[in-house]
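Per-entry structural report
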Amino acid sequence: MPPDDSNSLVCRGTGIAIEAEADHVDPLIKGVPGYLRDVYRWAYLEPFALTVFDHQAMVSAILWGNYHRLARSVLEELHQGQRALQLASVYGPFSLQLLEALGPDGQLDVVEIAPVQIARCRRLLGDRPNVRVIQGDAAYPPEGAYDAVISFFLLHEVPEDYKTRIVDAALARVAPGGRVIFIDYHGPARLHPLRPIMAAVFALLEPFARILWTREIESYASESRGFRWHKRTFFGGLYQKVVAERIG
Ligand SMILES: C[S@@+](CC[C@H](N)C(=O)[O-])C[C@H]1O[C@@H](n2cnc3c(N)ncnc32)[C@H](O)[C@@H]1O
């Protein structure tokens, strides 16, 4: 069960009181974990965020021009006809690109928790029969055995305990021979010109990100045996791709 750090209304008062309270919950934050409400409301929970961020040019700019390279490095892990799970939606065309790589015989499930983002993702992907956009927490995705589980810039946005839950959940959902693919921030080289800028961005806006400069993604797994782990870095070390392949 997810922890009760959301604005969940269960287990408090009588049934009548719960319903009365539920009427007053802001629909934009209903069911959303505390860290997302407190830290990222401006980026994901308010409808105006889509106007600002949901553009290819903006996604590329935020990643210093590396979006295509990083997205491609995920797509090259996928094959037609596979079943994939995307943990959290991503601005821009990423989910559509995943779908294309999986082909008409593949299946894409996206698990996303923020109401505004769920609606956006459903609009993006339409009502294709091989897609499900599931309202839920990436730390507790639906049961299933996927050929690929993808976490694209999710880990740096969640607190430490959540990182462990998400990594464990991703590993638990991948079938033998399948892969979990994490793309995220990584510690840049000491003289990287963007190092001070990213340090300032993280200090101001992204309090859970900087730890990925020093802590390995593999170390968040409660049980990393049973997987072959590969890591590759990009752009002077600012980004990383970590693949955990379940030994079949
Ligand atoms: C994947 S991350 C960052 C992606 C990247 N910055 C971009 O361009 O969109 C952003 C998404 O993660 C979602 N998210 C955050 N925590 C989540 C959780 N525990 N479960 C599911 N979705 C979550 C947010 O609502 C948001 O839509």
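Residues numbered from 1 in each chain as written. Predicted model: local features only at pLDDT ≥ 70, side-chain atom pairs only at ≥ 80, totals over all residues. Heavy atoms only, no water.

As for the sheet that holds strand 5 (residues 174-185)
Across the sheet, seven strands lie side by side as 3-2-1-4-5-7-6; this open sheet has mixed pairing. If you trace the sheet from one side to the other, it starts and ends with strand 3 (131-135) and strand 6 (227-234), each paired once. If you compare each strand with its neighbour and ignore which way they point, the axes differ by 15° on average. Sheet topology note: the strand 1 (residues 83-87)/strand 4 (residues 146-152) ladder contains three bridges and is parallel. Note on strand 4: the bridge partner recorded for Q86 is I150. Strands strand 4, strand 5, strand 6 and strand 7 (239-246) of the sheet are contacted by helix 6 (residues 67-75), whose axis makes an angle of about 160° with strand 4. (Pairing = 2+ DSSP bridges. Helix = DSSP H or I, 4+ residues; strand = E, 2+ residues; numbered from the N terminus. Axes fitted to C-alpha atoms, helices over the stretch in contact; angles between N-to-C directions. Contact = heavy atoms within 4.5 Å.)

Considering the site of the ligand
In the vicinity of the ligand there are 20 residues, among which Y35, Y91, E112, D137 and A138 approach most closely. One of the backbone nitrogen or oxygen atoms of I113 is found 3.5 Å away from a nitrogen atom of the ligand. Considering the ligand on its own, with 590 Å² of exposed area, one finds that the protein chains cover 94% of that surface. Along the lines of polarity and charge, the residues of the shell around the ligand split into 14 nonpolar, three polar and three charged. (Near = heavy atom within 4 Å. Polar contact = N/O pair within 3.5 Å; in protein donor to acceptor, adjacent residues only side chain to side chain. Areas by Shrake-Rupley, 256 points an atom, 1.4 Å probe, with all protein chains shown as cover. Nonpolar A, V, L, I, M, F, W, Y, C, P; charged D, E, K, R; others polar.)

With respect to the pairing of strand 7
Within strand 7, seven of the eight residues are buried, leaving the element largely enclosed by the surrounding structure. Looking at chain direction, strand 6 and strand 7 are connected through eight bridges and run antiparallel. When the bridges of strand 7 are listed, W229 appears paired with A244. In textbook terms, the turn of a hairpin is the stretch between consecutive antiparallel strands, and for strand 6 and strand 7 this stretch comprises four residues, one of which, F235, has a positive phi near 55°. (Buried < 20%, exposed > 50% of the residue type's maximum accessible area, 1.4 Å probe, protein only.)

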